[in-house]
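This is what each chain is made of:
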Amino acid sequence: MLGLMQNRQLLISTMIEHAQKQYGDIEIVSRTNEGPIHRYTYKDCAGRSKQLAKALTKLGVIVGDRIGTMAFNGFRHMELYFGISGMGAVCHTVNPRLSADNVAYIVNHAEDKYFFVDLPFVPLLENVESRLNSVEGVVIMTDKAHMPDTKLKNVICYEELIQSENDDYVWPDFDENTASALCYTSGTTGNPKGVLYSHRSATLHAFSALSGEGLSFSHKDTILLVVPMFHVNAWGIPYASAMCGAKLVLPGACLDGRSVHELIEKESVTVSAGVPTVWMMLLKYIKDAHKTFSTMRRTIIGGAAVPRSMIETFKKEYNVQVLHAWGMTETSPVGTACHLKRKHEGMLDDDFFALSAKQGPPVFGVEMKIVSATGEELPWDGKTCGRLLVRGPWITSGYFRGEGGEAIDAEGWFDTGDISTIDEDGYMQVTDRAKDVVKSGGEWISSIDMENQTVGLPGIVEAAVIAVPHPKWQERPLVIAVKQPGATVTKEDVIDHLSKSMAKWQLPDDVVFVDELPHGATGKLLKNVLRTKFRDHQLV
Ligand code: ADP
């Protein structure tokens, strides 16, 4: 017997429609490429998204067409999120930090019909334009006064495009399984692969983000969205914000510590979201400039492991609670959020920080398990490491155009490529990417664990651990670290520090200091670059 409930479709347009009606006066604040801070409301955003949908329709865009975007976090990008998806087309966010080859590959693979570009990325697009096969026109995301001189063909000014339409538009109704957005993985091995989200998956994921055991957003929040809108739909936060009417602060291109802190203070931000590298810069600035946070009490950090020392600094020195979350492009991305359970109430600082450094339990909707190399399920004892598999309604079922073959097994499990433990309480902890783990004499050494311990040593700013080939042990760990200017930390200090928590056989064979570490398009350490650079490093 079927239930007798209405089968209303879960559509992205309903989010901005709700925000317009319920939270029409709440602000969206953007640091613009043109310079000034821009502020308007969800009502304005909703109206302009409709103008955009009408303009796209006039350009011949139909349901299912892919529309590329290459832009920072700003109000026009918000309008693209709602306008493109809302009309039934697919919002394809392209990461501007990818190589020109990758950008050309991705746009051609997606067959983007139109391409929307922020001012700073016009030169990048000019460089690849001749290699793009499907793009019929490029919309520059600015007003008439700021239109650049460009050799791009078929150029349209964003403000002129939407101003030619009014907001008298009714969002179309269609199947919630319709594709809404497309995002390519960064492709450190092989070609980038497209993850195609649906209206249903985006809505369920955003509901989860709003829940207390998810990212716990509410109408009372002012959210600083540092995580880029060109990566995994900015963790779905633009959608979740519209659903609960949180004030949204979009930092544009300026992610240095001073600019981020200024926005946090001026806009009374209560919660922020981003990858660890951004918070590293922010914490350094705050310390050097003797600043504090007046209103920010929570920060959501994910995309890479958060070192325990960062969680401690935020809490002890600035009274900011870190929520550690894990996910990937293929998981929309939120899979886990490290909230404490009842049994943890009142736990001692030391245990609290150790637990908070785990990636945490899965949010409702995501199932997970760890398996051995031969696929047997492994115990949840907090010690046994295995490949992490996940499944759920916002986990990919396959890549766009079938790239890379089957993405899931017969029971719907997706192999994340992460190695992790799960403890008795269901808390997952990533010990490594499968390709980064150091395999020494048949044992595994966690590079993430060693990196986190290394940055816990005063004087170290950042650290990467890679496996270096070894004639006897197959691989041994090498620490590559960046010191604070003027710090006198030595190799021996690092090894001494690590030996407090690690077994002798796990200790690195060498520590080298460098001026900086290479980061990829989403702020993550580029270990493949380090592996190439240090391939012939002689361990001592
Ligand atoms: P990519 O395109 O490189 O896969 P993603 O953002 O999808 O970019 O990367 C996902 C990967 O990032 C995860 O599989 C995991 O290895 C890593 N990751 C994400 N969040 C965390 C976290 N909180 N702790 C450790 N690793 C993380």
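Since the structure is predicted, the reported quantities are computational estimates derived from the model, not experimental observations.

Further remarks concern the sheet that holds strand β17 (residues 386-391). In spatial order, the strands read β16-β17-β18-β19; together these four strands make up an open sheet with antiparallel pairing. At either end of the open sheet lies a strand with only one pairing partner, and these are β16 (367-371) and β19 (428-433). Strand-to-strand twist across the sheet, computed as the mean angle between neighbouring axes with direction ignored, equals 50°. The sheet contact formed by strand β18 (residues 414-422) and β19 spans five bridges and is antiparallel. When the sheet's bridge partners are listed, Ser420 is paired in β19 with Val430.

Once that is clear, we can look at the site of the ligand. Neighbouring residues of the ligand: 16 residues in total, closest Ser186, Thr329, Asp418, Arg433 and Lys524. Contact distances for the ligand include 3.0 Å between an oxygen atom and a side-chain N or O atom of His231. In this structure, a nitrogen atom belonging to the ligand sits 2.9 Å away from a side-chain N or O atom of His324. Top element by residues in the shell around the ligand is strand β14 (residues 321-327). It accounts for four residues. Split into classes, the residues belonging to the shell around the ligand amount to five nonpolar, eight polar and three charged.

Moving on, we come to the side chain of Thr185. With respect to the secondary-structure elements, Thr185 resides in the loop between β8 (179-184) and β9 (194-198). For Thr185, the residues in contact, after removing those within four places along its chain, are Pro192, Lys193, Val195, Thr329 and Glu330.

Interface size is commonly expressed as the accessible surface area that is lost when the partners come together. Domains assigned within the chain are domain 1 (12-253) and domain 2 (438-533). One C-alpha centre belongs to domain 1, the other to domain 2; they are set 38 Å apart.

With that out of the way, let us pick up the packing of aromatic side chains. All chains considered together, the criterion is met by nine aromatic pairs. Residues Phe82 and Tyr239 carry aromatic rings whose centres are separated by 6.1 Å and whose planes lie at 80° to one another, so their mutual orientation is edge-to-face. Separated by 157 residues along the polypeptide, Phe82 in helix α3 (residues 75-86) and Tyr239 in helix α9 (residues 237-244) bring together distant segments of the chain. Each member of the pair, Phe82 as well as Tyr239, carries the same accessibility label: buried. These aromatic residues form a ring-pair network of at least three members: Tyr81, Phe82 and Tyr239. Positioned over the ring face of Tyr399 is Lys193, at 5.1 Å from the centre of the ring.

Let's shift gears to helix α14 (residues 447-455). Of all nine residues that make up α14, seven are buried, and the element is covered over most of its length. Of the positions making up α14, those classed as buried are Ser447, Ile448, Met450, Glu451, Asn452, Thr454 and Val455. A side-chain oxygen of the first residue of α14 lies 3.5 Å from the backbone nitrogen of Ile448; this N-cap is Ser446.

Looking now at the pairing of strand β6 (residues 137-140). On β6, burial covers both faces: Gly137 and Val139 on one face and Val138 and Ile140 on the other are all buried. Note that the unit made of strand β5 (residues 112-117), helix α5 (residues 122-128) and β6 has a crossover that is right-handed. Relative to strand β7 (residues 155-157), β6 runs parallel, the two sharing three bridges. Bridging from a neighbouring strand, Val139 pairs with Ile156 of β7.

Scoring rules and cut-offs
Residues numbered from 1 in each chain as written. Predicted model: local features only at pLDDT ≥ 70, side-chain atom pairs only at ≥ 80, totals over all residues. Heavy atoms only, no water. Pairing = 2+ DSSP bridges. Helix = DSSP H or I, 4+ residues; strand = E, 2+ residues; numbered from the N terminus. Axes fitted to C-alpha atoms, helices over the stretch in contact; angles between N-to-C directions. Near = heavy atom within 4 Å. Polar contact = N/O pair within 3.5 Å; in protein donor to acceptor, adjacent residues only side chain to side chain. Nonpolar A, V, L, I, M, F, W, Y, C, P; charged D, E, K, R; others polar. Contact = heavy atoms within 4.5 Å. Domains from an automatic or database assignment. Phe/Tyr/Trp six-rings, centres within 6.5 Å; stacked < 30°, edge-to-face > 60°. Buried < 20%, exposed > 50% of the residue type's maximum accessible area, 1.4 Å probe, protein only. Lys NZ or Arg CZ within 6 Å of the ring centre and 35° of its normal. Right-handed = clockwise from strand over helix to strand, strands pointing away.

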